[in-house]
Amino acid sequence: MSVATVSKALNNQSDISEKTKARIQKVAKEMGYYPNSAAKALKTNRTWNLGVLFADEAQSGLTHDYFANVLDSFKRTAEQRGYDITFINCCKTRENKMTYLEHTKYRGFDGVVIACIDFSDPEVVELVNSKIPVVTIDHMFNNATAIVSDNIQGMKDLVNCVLQRGHTKIAYIHGSDSAVTKNRLTSFYKTTQEAGIDIPDEYIREAAYRSVEEAYERTRELLALKDRPTCILYPDDVAGFGGIKAIKEAGYTIPRDISIAGYDGIRFGQYLTPPLTTLEQDTEKIGKEAANELIQLIENPKTTGIRRVVVEGKVRPGGTVKLLSAE
């Protein structure tokens, strides 16, 4: 049997019979032999390894429910297509730290997905501007494919859900400055304006995403207003837990005394009593699209263009927004 035939069988190529392939793979397994990835990379000029650039200022890492679910979907899709994933070192305190681009080249990644990071970081911009195939999640560059949640439609749907339940005094604690925040805030104002509702400036507050502590403080401020809102929207479900704490400490009951709604649709929110009203993002589709788009850029670079893939979410009505018209 030729060396070429053995090589094709071990690399699971399709131009030999399944019977021959199975026999060779069986013998190789019995001998404890597996193809060497480094040797394969030298021959194919590919490592079948994707880099993941993922870091956030809050240092919540993979405990960040939304991004953890997105990356889990990305990982499963990549593995189904024969790729491994490796995280790019984002530690800023290590001496002689390589830049993101240097680390990408050092590891020989075929491509990189970027999520939950400061996209204005010069190192991130350098990586995006390089020749490495890149896909971003929830941020758009002119020269990179992006997978983004439909934050404009999502916020519109969430606000309309609140409006339909009779609320006109709606406060919004939005996240820190980012493209996602700007789109959601713009959509919030546009949706309420189209409904003929004027939102007082004092109803708009800022808290870092996933900051229970900051959401707790902003909620206390809103509850202290002379003309307090009847409903408070939070930047995400986790921040909403801080709001719940503040509301309960003030002696109020949700939704009898005040209504709330979150964003993201994390699983834990549906186990609250009552279940949290929220905008559920399709993390499964976001991760799957990111993996498929990145692999397409790697495997078919000449016929694959830069795209923006918009993924819609859906409102989970929950039970934390009171129907005012029923009174």
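For the structure itself, look to the data block above.
Residues numbered from 1 in each chain as written. Predicted model: local features only at pLDDT ≥ 70, side-chain atom pairs only at ≥ 80, totals over all residues. Heavy atoms only, no water.

Caption draft 1: Here's a closer look at the overall build of the chain. Counting its secondary structure elements, the chain contains 11 helices and 12 strands. Split into buried and exposed, the 327 residues of the chain put 46% on the buried side. Partitioning the contacts of the chain with sequence separation of at least 6, the portion at a separation of at least 24 is 68%. (Helix = DSSP H or I, 4+ residues; strand = E, 2+ residues; numbered from the N terminus. Buried < 20%, exposed > 50% of the residue type's maximum accessible area, 1.4 Å probe, protein only. Contact = heavy atoms within 4.5 Å.)

Caption draft 2: Just the sheet that holds strand β5 (residues 145-149), in detail. Strand order across the open sheet formed by six strands is β2-β1-β3-β4-β5-β11, with parallel pairing between neighbours. Every other strand in the sheet has two partners, leaving β2 (84-87) and β11 (308-311) as the edge strands with one partner each. Mean inter-strand twist for the sheet, computed between neighbouring axes without regard to direction, equals 20 degrees. Note: strand β1 (residues 49-54) against β2, four bridges, orientation parallel. Looking at β2, one finds that Leu-50 is bridged to Ile-85. Packing against the sheet, helix α11 (residues 283-299) makes contact with β1, β3 (111-115), β4 (134-137), β5 and β11, and its axis sits at approximately 165 degrees to β4. (Pairing = 2+ DSSP bridges. Axes fitted to C-alpha atoms, helices over the stretch in contact; angles between N-to-C directions.)

Caption draft 3: Quick look at unusual backbone geometry. Of note, the bond from Ile-254 into Pro-255 is cis; its omega dihedral lies within 30 degrees of zero at 0 degrees. Relative to the helices and strands, Pro-255 resides in the loop between α10 (237-249) and β9 (259-261). Note that the residue after Thr-273, namely Pro-274, is joined by a cis bond; omega there is -5 degrees. Looking at the element boundaries, Pro-274 is found in the loop between β9 and β10 (278-280). One non-glycine residue, Trp-48, lies in positive phi territory at about 55 degrees. As for its placement among the helices and strands, Trp-48 is situated in the loop between α3 (37-44) and β1.

Caption draft 4: The arrangement of the pattern of salt bridges in detail. Enumeration according to the criterion identifies 13 salt bridges in this entry. One salt bridge connects Arg-76 with Glu-284, and the closest N-O pair in it is separated by 2.7 Å. Of this pair, Arg-76 sits in helix α4 (residues 65-80) while Glu-284 sits in helix α11, and the two are 208 residues apart along the sequence. Of the charged contacts in the structure, one is a salt bridge between Lys-169 and Asp-227, with a shortest N-O distance of 2.6 Å. Remark: Asp-227 occurs in the loop between α9 (212-223) and β8 (231-233) and Lys-169 occurs in the loop between α7 (151-163) and β6 (170-174); sequence separation between them is 58 residues. A single network of salt bridges, built from pairs that share partners, joins Asp-72, Arg-76 and Glu-284. (Salt bridge = Lys/Arg side-chain N within 4 Å of Asp/Glu carboxyl O.)

Caption draft 5: Molecular detail of the pairing of β3. Buried residues dominate β3, accounting for five of its five residues. Of the two faces of β3, the one holding Gly-111, Val-113 and Ala-115 and the one holding Val-112 and Ile-114 are both buried throughout. Looking at chain direction, β1 and β3 are connected through five bridges and run parallel. Among the inter-strand pairings, Gly-51 is bridged to a residue of β3, identified as Val-112.

Caption draft 6: The arrangement of the packing of aromatic side chains in detail. Tallied over the entire structure, the rule returns seven aromatic pairs. When the ring of Phe-54 is compared with that of Phe-67, the centres are 6.1 Å apart and the planes differ by 70 degrees; the resulting orientation is edge-to-face. Residue Phe-54 is found in strand β1, and its partner Phe-67 is found in helix α4; the two are separated by 13 residues along the sequence. Each of the two residues, Phe-54 as well as Phe-67, counts as buried. Ring geometry for Phe-188 against Tyr-189: centres 5.8 Å apart, planes inclined by 65 degrees, an arrangement best described as edge-to-face. Take Phe-188: its relative accessible area is 0%, and that puts it in the buried class. Look at Tyr-189 and you get partly exposed, because its relative accessible area is 34%. Taken together, the ring pairs connect Phe-54, Tyr-66 and Phe-67 into an aromatic cluster. (Phe/Tyr/Trp six-rings, centres within 6.5 Å; stacked < 30°, edge-to-face > 60°.)

Caption draft 7: Looking closely at the packing of α7 against helix α8 (residues 179-194). α8 packs onto α7 with a crossing angle of 40 degrees between their chain directions and a minimal axis gap of 8 Å. In this view, α7 runs oblique relative to α8, as classed from their interaxial angle. For the crossing formed where α7 meets α8, the hand is right-handed. Within the contact between the two elements, α7 uses Asn-151, Ile-152, Met-155, Lys-156, Val-159, Asn-160 and Leu-163 and α8 uses Val-180, Asn-183, Arg-184, Ser-187, Phe-188, Thr-191 and Thr-192. The residue inventory of the contact of α7 with α8, partitioned by class, reads six nonpolar, six polar and two charged. (Parallel < 35°, antiparallel > 145°, perpendicular 65-115°, else oblique. Left-handed = near helix turned anticlockwise from the far one by under 90°. Nonpolar A, V, L, I, M, F, W, Y, C, P; charged D, E, K, R; others polar.)

Caption draft 8: Seen up close, the nonpolar core. The biggest cluster of nonpolar side chains holds 35 residues, and the ones touching the most others in it are Phe-188 and Leu-233. Contributing elements (two or more residues each) for this core: α7, β6, α8, α9, β8, α10 and β9. No other element matches α7, which puts five residues into this core. Setting aside residues no more than four positions away along its own chain, Phe-188 makes contact with Met-155, Val-159, Ile-170, Tyr-172, Ile-199, Ile-204 and Leu-233. Among the nonpolar cores identified, the runner-up in size contains 25 residues, and Tyr-66, Ala-78, Ile-147 and Leu-297 belong to it. (Core = buried A, V, L, I, M, F, W, Y, C linked by side-chain atoms within 4.5 Å.)

These values are about where atoms sit, not about what they do.
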